[in-house]
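A look at the structure
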Amino acid sequence: MVGRFILFLLTGALTSHLIYPRLKIIKRIVYCLLLSVSLTQIMGVALIYAGLNTPENLTLLLAGFNLIVAALLHLKRGVDFKTFYEDDLKYVLGFSFLGALFRLWFWDSIYKPSDAYAYAYRFIGKQAPDLGFYTGMAADRSPYIGLEASELISGHLIPHPATSTFLITLTYLGFIYIVFKQYRDRRHALLGVALMSLGPIELFHLTTSLAGHSLSYVILFPLFLLYTSRENKIIWIILPYAVAMNFTYYTASMITLIASLGFTLSTYLRDLNQSRNPLYSLRKTAENPKTRAYLTLAFIVGLHVYLLSNMWEYSLGTAQDQTTLDKAVMSLTQAKAAQGTYQDTVYRNPEILFLSAIRWQALYFLFLGLTFLIHLLWRGRFTEQDVNLFLCLIPVALVSYGFIHVNLTARVFDYFAFYALMAARIPKKHYKNFFILSAVFILLTTLQVAQDKKVFFETPVGEVQAAQWISQSLRGRVFSDQFFINQLILKGYYNVTGAREDNPLVLDLFYRENQSLFLDAIQRLNTYSVDYVALTGRMRDEYVLMLNQPQKPLGNTDFFGETLKKTYDNGDVRVYELNSSLNYSIN
């Protein structure tokens, strides 16, 4: 394993020297890690298409690739290869260790982030079976064969999950340092590394593995670097990264596509601001190598998403119920579900002064963004740094609108918290106090949410046992919450279903303390060809987990026992049969 790990790192190290013979050490490390995983994942995808995806074949392919790159480097005899040391490396490494340890502390909370979705990844590269309501998620992820390549990398090239966690944290914080330093200054870069090492919460939870969709949370950094850098070689860092993510994660692909078009528009507006001549600026932008780089990225990603993989169908399906601005604002300011049907139900996330910790973090980053806008209005005249940061709002706004359009408003802050912090303008005399208060705030809010979220990733033994019994004993269709259905599918039991978030069936079946509505919901289950309803102790006592549904326990447990025949009970999971239940009627 150690030899394979060295070979894996050598892939990025040799390639980064081929692209950048002379480079500062933090960039060298970050580019090395990104190239290692991107190029290895592309090789893994090629092996999957060829039907040769084994650890041994991947190792041989890596060895051959490294020999070729080493030969190319040897041919460059007159080139002075050098990596320049930076004192800030110790600072970035220190906070990377701290951030990794913080993630490891909540091992159960962050190392099983897809417990309720694990079944979806079971069908990668395969035809998803009929899983009722849950078919969509499995079918949406089946084209992501890059995830299968990621498993090869994580399982056979990187020695331990803790190593992977440290490497992704180092890549993430290294990019924070590089981007902040390029757009602002060294002091702000150090501030960004410190604050972003512990939050915001979604980045804390999802930057856990160097391979796979965790990398989508750093996809924007090299796009920002390209926009203001004085050289264009970084496209050779971005291109394999974008291609690798193209086969791995839909969201990263769409972000690359939309942001690249946004940066192209920003480039034109910057040229227009300098020349005041629309036609001349258009020609200048078209001739700019960076414009060609962005458009090339957009073309490659768009070709795959819209013509080769049909991933775009997922966007259209998700966006059928478009979010309005008032719903977006409500989702940030109220601890209630966006659907009006559920306004009397509260999400599990605990509140502090009427807002959950996640929403307090969102408001914090909104405040940081407002300090930049106030700074621009107050100054009246803009520096080049101000103009660049302001024009970067265009790709930020376009991607943000995309998230709002598909009712994923919170993801705006997942992906752009770094931009708000990078653009923040804090008076120098308050800088120290701002850092201390911000560090305490992010630490406490992240701790609270991380601690609370642990309940969502602990699979009770009773649910595993019940899933095993059902897979061996039943044949009818089972209706339950997403968490338990996941266990059934993982046990090979596919005759399952659920309901959409805008379907009042779930509310009437699980939450309404009204027996008439409950009985009507039981009748409606017949339209889904449901034979059994499974209730777990977790659903009765802690929460029901359904897509965008209230995360609270059942409010009408007694109705099931009074109305339906109990087929199975292991003390945790109870299975009720519908078809032979004759104890209900609707008056």
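Let me sum up the structure you'll find in this document. (Residues numbered from 1 in each chain as written. Predicted model: local features only at pLDDT ≥ 70, side-chain atom pairs only at ≥ 80, totals over all residues. Heavy atoms only, no water.)

Glancing now at the overall build of the protein chain. Helices and strands together make up the secondary structure of the protein chain, namely 28 helices and 9 strands. Across the 587 residues that make up the protein chain, the buried fraction comes to 55%. Sequence separation of 24 or more characterises 74% of the internal contacts of the protein chain that already satisfy a separation of 6 or more. Only carbon and sulfur atoms are counted for the fraction: they give 61% of the accessible area of the protein chain, which is about 25,300 Å². (Helix = DSSP H or I, 4+ residues; strand = E, 2+ residues; numbered from the N terminus. Buried < 20%, exposed > 50% of the residue type's maximum accessible area, 1.4 Å probe, protein only. Contact = heavy atoms within 4.5 Å. Areas by Shrake-Rupley, 256 points an atom, 1.4 Å probe, with all protein chains shown as cover.)

For the rest of this paragraph, the subject is the pairing of strand β8 (residues 565-569). Looking at chain direction, β8 and strand β9 (residues 574-577) are connected through 4 bridges and run antiparallel. If you follow Y568 over to β9, its bridge partner there is V575. Taking the residues that link successive antiparallel strands as the turn, the β8-β9 hairpin has 4 residues, and the phi of G571 there is positive, at about 90 degrees. (Pairing = 2+ DSSP bridges.)

Strand order in the open sheet formed by 5 strands is β6-β5-β7-β9-β8, with mixed pairing between adjacent strands. Looking along the sheet, the strands with just one partner apiece sit at the ends: β6 (496-497) and β8. Across 2 bridges, strand β5 (residues 478-479) lies against strand β7 (residues 532-535) in parallel orientation. Bridged to F479 within β7 is V533. Across the sheet, helix α23 (residues 461-473) is in contact with β5, β8 and β9; its angle to β8 comes to roughly 115 degrees. (Axes fitted to C-alpha atoms, helices over the stretch in contact; angles between N-to-C directions.)

Notably, R276 is not glycine yet its phi reads approximately 60 degrees, a positive angle. Looking at the element boundaries, R276 is found in the loop between α13 (250-275) and α14 (278-287). R276 sits in the exposed class, given a relative accessible area of 63%. The phi angle at S529 is positive, at roughly 55 degrees, despite the residue not being glycine. Inspection of the secondary structure assignment puts S529 in the loop between α26 (515-525) and β7.

All right, on to the packing of aromatic side chains then. According to the stated counting rule, one finds 27 aromatic pairs in the structure shown. Arranged with centres 4.3 Å apart and planes meeting at 20 degrees, the rings of W469 and Y568 form a pair that is stacked. With a gap of 99 residues between them, W469 in helix α23 and Y568 in strand β8 connect regions that are remote in the sequence. Three or more aromatic residues joined by ring pairs make a cluster, and in this case those are Y20, Y31, Y172, F175, Y183, F221, F224, Y227, F263, Y294, F418 and Y419. (Phe/Tyr/Trp six-rings, centres within 6.5 Å; stacked < 30°, edge-to-face > 60°.)

With that settled, consider the pattern of salt bridges. A complete count under the given rule lists 13 salt bridges for this structure. For the salt bridge of R574 with D569, the shortest nitrogen-to-oxygen distance reads 3.8 Å. R574 sits in the partly exposed class, given a relative accessible area of 24%. One salt-bridge network, in which partners are shared between bridges, spans D508, R512, D520 and R524. (Salt bridge = Lys/Arg side-chain N within 4 Å of Asp/Glu carboxyl O.)

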